Amino acid sequence: MAITNVGDSQSFSYTGGMQSFTAPQKGVYKLEVWGAAGGYASTSSSAATSAHGYGGYSCGYRMMEKGETIYICCGQAGQYNKSGTTYNGGGQGAHVYKYYGGQGGGATHMATMSGTLSAIGSGNSSKILLVAGGAGGGSTYWNVYGEYGGNGGGSSGGKHPDSGAAAGTQTSGAAFGQGGNGSGTYYDEDLDFYFMSGGGGGGWYGGHGSGAWQHSGSGGSGYIGGVPSFTYSGTTYSPSTTTGSSSANTNGYAKITFAKKGELPVIFNGTKLQKIIFNGTEITSLIYNGTKLFFERL
């Protein structure tokens, strides 16, 4: 949907690649991201609807100039019995025989630089606006439920109370932008019993995968440091981040909403005015043809 009026929005779903948004006009834009769910903790997907870790949510605001571009990366949901990591940082579940534990969910983020979180790297972290952490993957017991993965998001990701795997925080985790792989396994060939631990969720810092076969991975952390609070035209805009806000088995997604039109500065003889004094009083705004003009201090 094209953004023209205040309240208009554009949504972004998981594609397995980068997406972008270019501001059609100057104004305040609300940025929202949801991290992906972790892989379910069961050998039966139909029986695992309540056995997921859930991705986090982060929200912030940014004053954007017309033509300014930001980049959106939506994380991939973790699955059971799938090899490999998930897009944007979810760790792989532990592997035994032909089975895998639950994958961690990928993070969702927005940045002024294109790339996944791990590709951007901590050296370019100032380019990252906000992150919603992905959930950890569940551990899997033979033919029964294992532990659900820790929720993603918030200043620190979540973890199952029995899991020893540490969640991602603002300063530590498995790696910047990447959840750890699960490594704990148990396999009884005679009984065909298999037990695998879950991978960690992606995030600002990814959660750790579990090294114990009976335990799940933990969630990655969210981040809102690139969208600090600010006041514009009398309104204060503040960020927030929370854990466990996505739904079961869902990929990450994002949304951008046009929150406020940019006001026009007053230009006199080619110079933007700092202030106008009339009868000893500073004039803070004018209305011209129904448009509010304002004065910015340079």
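Now for a quick tour of the structure. None of these values were measured; they are calculated from a predicted model.

A separate point is the sheet that holds strand β15 (residues 253–261). As summarised here, the arrangement of the 5 strands in space is β1-β15-β3-β4-β14, forming an open sheet in which the pairing is antiparallel. One side of each edge strand has no neighbouring strand; the edge strands of this open sheet are β1 (9–13) and β14 (240–242). Strand-to-strand twist in this sheet, taken as the mean axis angle between neighbours without regard to direction, amounts to 20°. The pairing of β1 with β15 spans 5 bridges and is classified as antiparallel. Of the residues in β15, the one forming a bridge with Ser 13 is Tyr 253.

This part takes up the nonpolar core. Counting residues in hydrophobic clusters, the biggest one holds 19 residues, and the most contacted among them are Phe 21, Tyr 29, Leu 31, Ile 70, Ile 72, Met 110 and Ile 256. Going through the elements one at a time, β3 (27–34), β5 (69–73), β9 (128–132) and β15 are the ones with two or more residues in this core. Ignoring any residue separated from it by four or fewer positions in sequence, one finds Ile 70 in contact with Gln 19, Ser 20, Phe 21, Leu 31, Arg 62, Met 64, Met 110, Ala 111, Thr 112, Leu 129 and Ile 256. Listed in part, the 10 residues of the second largest apolar core include Leu 117, Ile 120, Ile 128 and Trp 204.

Attention now goes to the pairing of β9. The side chains of a regular strand alternate, first on one face of the sheet and then on the other. Among the 5 residues that make up β9, 5 are buried, leaving the element largely enclosed by the rest of the structure. Sheet topology note: the strand β8 (residues 108–111)/β9 ladder contains 4 bridges and is antiparallel. If you follow Thr 108 over to β9, its bridge partner there is Ala 132.

This next bit is on the pattern of salt bridges. Counted by the stated rule, this structure contains 3 salt bridges. Put simply, Lys 26 and Glu 65 hold a salt bridge, and the shortest N to O gap is 4.0 Å. Of this pair, Lys 26 sits in the loop between β2 (19–22) and β3 while Glu 65 sits in the loop between β4 (57–64) and β5, placing them 39 residues apart in sequence. By relative accessible area, which is 45% here, Glu 65 ends up partly exposed.

In this section: the sheet that holds β8. Note: strands within a sheet are paired through backbone hydrogen bonds, in either parallel or antiparallel orientation. Taken in spatial order, the 4 strands line up as β2-β5-β8-β9 in an open sheet, and their pairing is antiparallel. Since the sheet does not close on itself, it has two edges, and those belong to β2 and β9, each with one partner. Strand-to-strand twist of the sheet, defined as the mean angle between neighbouring strand axes without regard to direction, takes the value 15°.

Our next topic: the packing of aromatic side chains. Under the definition given, this model contains 16 aromatic pairs. Ring centres 5.7 Å apart and planes at 65° place the aromatic pair Phe 21 and Tyr 29 in the edge-to-face group. Here Phe 21 falls in the buried class, since its relative accessible area comes to 3%. Ring geometry for Trp 34 versus Tyr 253: centroids 4.5 Å apart, planes at 10°, classification stacked. Of this pair, Trp 34 sits in strand β3 while Tyr 253 is found in strand β15, placing the two residues 219 residues apart along the sequence.

Most peptide bonds take the trans form, and the phi angle of most residues other than glycine is negative. The phi torsion at Asn 88 lies on the positive side, around 70°, for a residue other than glycine. Along the chain, Asn 88 turns up in the loop between β5 and β6 (95–96). On the basis of relative accessible area, Asn 88 is assigned to the buried category, the value being 3%. Its identity is not glycine, yet Ser 233 carries a phi of approximately 50°, on the positive side. Locating Ser 233 in the fold gives a position in the loop between β12 (230–232) and β13 (235–237).

Calculation criteria
- Note on numbering: residues in each chain are counted from 1, in written sequence order.
- Local features in a predicted model are, by the rule used here, given only for residues with pLDDT of at least 70; side-chain atom pairs are given and counted only at 80 or more, and totals for whole chains, interfaces and linings are based on all residues.
- Hydrogens and water molecules were not included; the side-chain quantities draw on all heavy atoms of the structure.
- Strands qualify as paired when DSSP identifies two bridges or more between them.
- Strands are runs of DSSP state E lasting at least two residues, helices are runs of H or I lasting at least four, and both sets are numbered from the N terminus onward.
- Between N-to-C directions, angles cover 0 to 180 degrees, with each direction set by a line fitted to C-alpha atoms, over the stretch in contact for helices.
- Definition of nonpolar core: a set of buried residues of the types Ala, Val, Leu, Ile, Met, Phe, Trp, Tyr and Cys, connected through side-chain atoms within 4.5 Å.
- Partly exposed describes any residue whose relative accessible area lies between the buried limit of under 20% and the exposed limit of over 50%, with all areas from a 1.4 Å probe on protein chains only and scaled to the type maximum.
- Here a residue-residue contact requires only that any non-hydrogen atoms of the pair lie within 4.5 Å.
- What makes a salt bridge here is a side-chain nitrogen of Lys or Arg within 4 Å of a carboxyl oxygen of Asp or Glu, nothing more.
- Put simply, two rings from Phe, Tyr or Trp (the six-membered ring, in Trp's case) pair if the centres are within 6.5 Å, and we call them stacked under 30 degrees between planes, edge-to-face over 60, tilted for the rest.

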